[in-house]
Amino acid sequence: MTPTGSSKTAITSLAAVRAAIARACRDAGRGVADVTLVAVSKTFSAEAIEPAIADGQRVFGENRVQEAKSKWPPLLEKHSGLALHLIGPLQSNKAKEAVALFTAIHSVDRASLCEALAKEIAKQKRQPILFAEINTGAEAQKAGVLPQDADSFLTACRETYGLAMSGLMCIPPLDEAPGPHFALTAKIARRNGLKLLSMGMSADFAVAISLGATHVRVGSAIFGGRSTEKSALT
Ligand SMILES: *Cc1c(COP(=O)(O)O)cnc(C)c1O
């Protein structure tokens with residue numbers, strides 16, 4: 001599949017996103033090294049991803065285990081130092097594959113998944129960076145823990161399942177200003193002693209950086225528009 005909706009190449013767009021991140025960091029009085037750009041490559045083919053790797057991008061985000069599994073192993077073999085982040089919902093029965101493939105999982109949101117992850121982490125002796133997803137807008141169709149349940153969920157992650165949680169992730173409602181959602185996520189992270197914040201996408205990563213994001217998940221601003229959210233490989 002080729003990117004649609006953009007005449008820019010991934011490389012010029014990547015440079016523009018990097019510059020915008022640097023600007024947002026400067027405006028917020030933060031160091032640019034404190035913000036990791038997760039280049040969201042879902043729906044894009046290996047050929048579309050290669051130029052970004054050649055340009056030095058090392059952290060990539062995918063939202064489906066199956067798609068990542070069919071697309072990334074050859075790329076991971078060919079290029080050193082790549083890190084794959086799972087940013088989409090994870091079914092418990094795919095925990096094994098997810099722990100094997102991903103450096104970070106941004107979507108920890110329920111006890112059954114915690115249990116499955118804990119088992120695989122122990123078995124595979126791998127330690128992915130774990131983010132709990134907070135459904136800050138309390139949207140029925142969205143995954144994530146409700147804000148009022150976040151503290152008890154995080155306690156259970158640690159105490160019941162022994163998971164080393166590192167941060168929080170949120171996806172604000174499409175039709176609302178993202179700032180308050182980022183601020184709420186940052187506040188929950190602070191009171192739970194979590195250092196990482198996965199927040200901000202193509203449209204709002206600068207706002208997210210001003211509110212403390214350590215990981216911005218940027219797709220279309222780098223790779224162009226997606227013709228479909230479905231896998232390009234199925
Ligand atoms: C697709 C996706 C992104 C990237 O969205 P863009 O608007 O293309 O930057 C970020 N986070 C999640 C969870 C996604 O599914």
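This text gives an overview of the structure that appears in the document.

What counts and what doesn't
Residues numbered from 1 in each chain as written. Predicted model: local features only at pLDDT ≥ 70, side-chain atom pairs only at ≥ 80, totals over all residues. Heavy atoms only, no water. Helix = DSSP H or I, 4+ residues; strand = E, 2+ residues; numbered from the N terminus. Expected span 1.5 Å × (residues − 1). Buried < 20%, exposed > 50% of the residue type's maximum accessible area, 1.4 Å probe, protein only. Arc of directions from axis to C-beta. Contact = heavy atoms within 4.5 Å. Pairing = 2+ DSSP bridges. 1 Å grid on protein atoms, 1.4 Å probe; cavity = no way out; pocket = protein on both sides within 12 Å on 5 of 7 lines; lining within 4 Å. Points joined across faces, edges and corners; volume = space filled by probe spheres on them. Nonpolar A, V, L, I, M, F, W, Y, C, P; charged D, E, K, R; others polar. Phe/Tyr/Trp six-rings, centres within 6.5 Å; stacked < 30°, edge-to-face > 60°. Salt bridge = Lys/Arg side-chain N within 4 Å of Asp/Glu carboxyl O.

Turning next to helix α1 (residues 10-28). With 19 residues, α1 should cover 27 Å at 1.5 Å per step; its first-to-last C-alpha distance of 26 Å lies within 8% of that length. Of the positions making up α1, those classed as buried are Ala10, Ser13, Leu14, Val17, Ala20, Ile21, Ala24 and Cys25. Each buried residue of α1 sits inside an arc of 140 degrees when the element is viewed along its axis, so together they form one side. In α1, the exposed positions angled more than 90 degrees off the buried face are occupied by Arg26 and Asp27. Structurally, α1 contributes buried residues whose contacts are with β1 (36-40), α2 (46-54), α9 (205-210), β8 (215-218) and α10 (220-223).

Another aspect to go through is the pairing of β8. Covered by surrounding structure in β8 are His215 and Arg217 together with Val216 and Val218, the residues of both alternating faces. Here β1 pairs with β8 via four bridges, running parallel. Paired with Thr36 across the two strands is His215, which belongs to β8.

Before going further, it helps to examine the environment of Gln127. Checked against the element boundaries, Gln127 lands in the loop between α6 (111-124) and β5 (129-134). Through-space distance from the C-alpha of Gln127 to that of Ala100 is 9.7 Å; in sequence the pair is 27 residues apart. The residues contacting Gln127, other than those within four sequence positions of it, are Ile121 and Ala164.

Approximately 840 Å³ is the volume found for the largest pocket. Forming the walls of the largest pocket are 29 residues, and the residues nearest its centre are Lys42, Lys142, Ile171, Met201 and Arg217. Each residue belonging to the lining of the largest pocket can be placed in one class, and the counts come to 13 nonpolar, six polar and 10 charged.

With that settled, the discussion passes to the packing of aromatic side chains. Here the structure, examined in full by the defined rule, presents two aromatic pairs. Aromatic side chains Phe60 and Trp72 sit 5.0 Å apart centroid to centroid with 45 degrees between the ring planes, which places their arrangement in the tilted category. You can see Phe60 sitting in strand β2 (residues 59-62) and its partner Trp72 sitting in the loop between α3 (65-71) and α4 (73-78), a full 12 residues away along the chain. Assigned by exposure class, Phe60 and Trp72 land together as buried.

Burial in α2 covers these residues: Ala48, Ile49, Ala52 and Ile53. Down the axis of α2, the sector holding all buried residues measures 140 degrees, keeping them to one side. Exposed positions of α2 whose direction lies more than 90 degrees from the buried face are Glu47 and Ala54. The secondary structure elements touched by the buried residues of α2 are α1, β2, α3, α4 and α10.

Turning our attention to the pattern of salt bridges. A full pass over the atoms with the stated rule returns nine salt bridges. Between Lys71 and Glu67 there is a salt bridge, with the nearest N and O atoms lying 2.8 Å from each other. Remark: Glu67 and Lys71 occur in helix α3; sequence separation between them is four residues, near one turn of the helix. Lys71 gets classed as buried once you look at its relative accessible area, which sits at 5%. Each of the salt bridges in this network shares a partner with another, and the network as a whole consists of Glu62, Glu67 and Lys71.

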